[in-house]
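Residue-level structure breakdown
This is what each chain is made of:
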Amino acid sequence: MALTSGTKLGPYEILSPLGAGGMGEVYRALDIRLERSVAIKVLPANLSSDPGLRQRLEREAKAVSALNHPHICTLHDIGSQDGVDFLVMELLEGETLADRLRRGPLPLEQIAKVGSEIADGLDAAHRAGIVHRDLKPSNIMLAKSGAKLMDFGLAKPAATSAAAGVSSAPMLSAALTMTSPSPQGSPLTTAGSIVGTIQYMSPEQIEGRDADARSDIFAFGAILYEMATGKRAFEGKSQLSIASAILEGTGAAQFGAADGASGVGRPGQDLSGERPGGTVRQCA
Ligand SMILES: Nc1ncnc2c1ncn2[C@@H]1O[C@H](COP(=O)(O)OP(=O)(O)OP(=O)(O)O)[C@@H](O)[C@H]1O
Ligand SMILES: [Mg+2]
């Protein structure tokens, strides 16, 4: 459902579309009360009809909105009107890392800068018990003030939800399965129970096991590799072959000095941290 300019969602007025992904559309909007520009993400309709999913979304939104970090996109508000659920976020100006990567690899100093900003943001979230679970270049905005991690929508407070016996299934996976085919170039799958972007997914997520901070670090490793080489860390002709490359650890070829950036090992190898059950490794 596309919203037209002038549509009101509570105290927010839709101005123009910013983009669309697997979970709905994102719009530039105006907070009429505060007279400030915001970004609004409209969530799939089936969310509101499932009380369990709704409750979980609200709980997670609460955790995410408490994160206050220069490299994490701030979540301002969550709302619902006429069956339309939406998230209100800080409006970010810039281009996503996915868009930037379409023009090729980043220079080394950029990799170091953007990489350490991503690590800082992840570290802050992980210390607050929040796992992103869907870290990928399209969820990283290269803003003037630096990299900003977006869409902690799939995140769950790691320790607390496990303690409360909450299912470890990706929070919005039901929503994702309902959405139409992803935009061009977006690696979404609706096969089996694996939903979301598979290229950056950790082995434990592919196997349907619980994700924790280390899963984000795995994705971060794959993103760093792509920033350095301009190539996906795990490629394949089908979702199945990508999944098996990730599970087998047979991603892109060893990346060395010949490629122009020595010291970057095989994707996932050094940055994935221990697998669940081992020792947690922090990002920063
Ligand atoms: N807070 C924001 N400020 C400015 N632009 C944004 C913001 N959030 C998202 N966007 C834009 O909207 C686009 C779509 O975002 P969206 O999260 O819906 O898609 P995605 O990240 O490609 O996929 P997914 O649904 O799996 O996260 C982004 O690529 C980005 O250009
Ligand atoms: Mg996104």
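As a starting point, this report considers the structure included with it.

Rules used in this analysis
- Residues numbered from 1 in each chain as written.
- Chains lettered and ligands numbered in written order.
- Predicted model: local features only at pLDDT ≥ 70, side-chain atom pairs only at ≥ 80, totals over all residues.
- Helix = DSSP H or I, 4+ residues; strand = E, 2+ residues; numbered from the N terminus.
- Contact = placed C-beta atoms within 7 Å.
- Pairing = 2+ DSSP bridges.
- Axes fitted to C-alpha atoms, helices over the stretch in contact; angles between N-to-C directions.
- Near = placed C-beta within 6 Å.
- Nonpolar A, V, L, I, M, F, W, Y, C, P; charged D, E, K, R; others polar.
- Domains from an automatic or database assignment.
- Parallel < 35°, antiparallel > 145°, perpendicular 65-115°, else oblique.
- Core = buried A, V, L, I, M, F, W, Y, C linked by C-beta atoms within 7 Å.
- Buried ≥ 20, exposed ≤ 12 C-beta atoms within 10 Å, placed from the backbone.
- Arc of directions from axis to C-beta.
- Expected span 1.5 Å × (residues − 1).

Quick notes on the overall build of the protein chain
When helices and strands are counted, the protein chain shows nine helices and 13 strands. Considering only contacts in the protein chain between residues 6 or more positions apart, those separated by 24 or more positions represent 62%.

Details of the sheet that holds strand β10 (residues 146–149)
Spatial ordering of the open sheet is given by β7-β9-β10, a layout of three strands whose pairing is antiparallel. Since the sheet does not close on itself, it has two edges, and those belong to β7 (94–96) and β10, each with one partner. Strand after strand, the sheet turns through a mean of 25° between neighbouring axes, direction not considered. Relative to strand β9 (residues 140–143), β7 runs antiparallel, the two being bridged by three bridges. Looking at β9, one finds that Gly94 is bridged to Ala143. Packing against the sheet, helix α4 (residues 108–127) makes contact with β9 and β10, and its axis sits at approximately 35° to β10.

Observations regarding the site of ligand 1
Around ligand 1, the structure places 19 residues, and the nearest of them are Gly19, Gly21, Val26, Ala39 and Ser138. No other element matches the four residues that strand β2 (residues 12–21) contributes to the shell around ligand 1. Residue classes in the shell around ligand 1 are distributed as 10 nonpolar, seven polar and two charged. When residues of the shell around ligand 1 are sorted by domain, at least three fall in each of domain 1 (8–90) and domain 2 (94–259).

Examining the packing of α4 against helix α8 (residues 213–229)
Axis separation between α4 and α8 bottoms out at 11 Å; the angle between their running directions is 170°. Between α4 and α8, the angle is such that the two are roughly antiparallel. The residues of α8 that touch α4, namely those facing Ile111, Val114, Gly115, Ile118, Ala119, Leu122 and His126, are Ala213, Asp216, Phe220, Leu224, Met227 and Ala228.

Describing the nonpolar core
Formed by 59 residues in total, the largest nonpolar core has its most connected members in Val38, Ile40, Phe220, Ala222 and Ile223. Per-element tally for this core: the top contributor is α8, with 11 residues.

Quick word on helix α9 (residues 239–248)
Those residues of α9 that fall on the buried side of the exposure criterion are Ile242, Ala243, Ala245 and Ile246. The buried side chains of α9 occupy one side of the element, clustering within an arc of 160° when seen end-on. Elements that come into contact with the buried residues of α9 comprise α7 (203–206). Downstream of α9 by one or two residues, Gly249 has phi in the positive range, about 70°.

Examining the sheet that holds β2
Read from one edge of the open sheet, six strands run β1-β2-β3-β4-β6-β5, paired in antiparallel fashion. The two strands at the open ends of the sheet, each matched to only one other strand, are β1 (8–9) and β5 (75–81). Set on the sheet, helix α2 (residues 51–65) makes contact with β5 and β6 (84–90); between it and β5 the angle comes to about 155°.

Here's the deal with α4
Taking 1.5 Å of rise per residue, 20 residues should cover 28 Å, and α4 covers 28 Å from first to last C-alpha, within 8% of that figure. Taken together, the buried positions of α4 are occupied by Val114, Glu117, Ile118, Gly121, Leu122, Ala125 and His126. With its buried residues spanning 165° around the axis, α4 presents them on a single face. For α4, exposure combined with an orientation more than 90 degrees from the buried face picks out Leu108, Glu109 and Ala112. Tucked inside the fold, the buried residues of α4 contact β8 (130–131), β9, β10 and α8. Among the residues trailing α4, Gly129 stands out with phi positive, at a value near 80°.

Observations concerning unusual backbone geometry
Of note, the phi angle at Asp82 is positive, near 50°, even though the residue is not glycine. With respect to the helices, strands and loops of the structure, Asp82 is situated in the loop between β5 and β6.

Description of the environment of Ile242
The topology assignment puts Ile242 in helix α9. The exposure class assigned to Ile242 is buried, which follows from the 22 C-beta atoms found within 10 Å. Sequence separation between Ile242 and Tyr200 is 42 residues, and the spatial gap between their C-alpha atoms is 9.8 Å.

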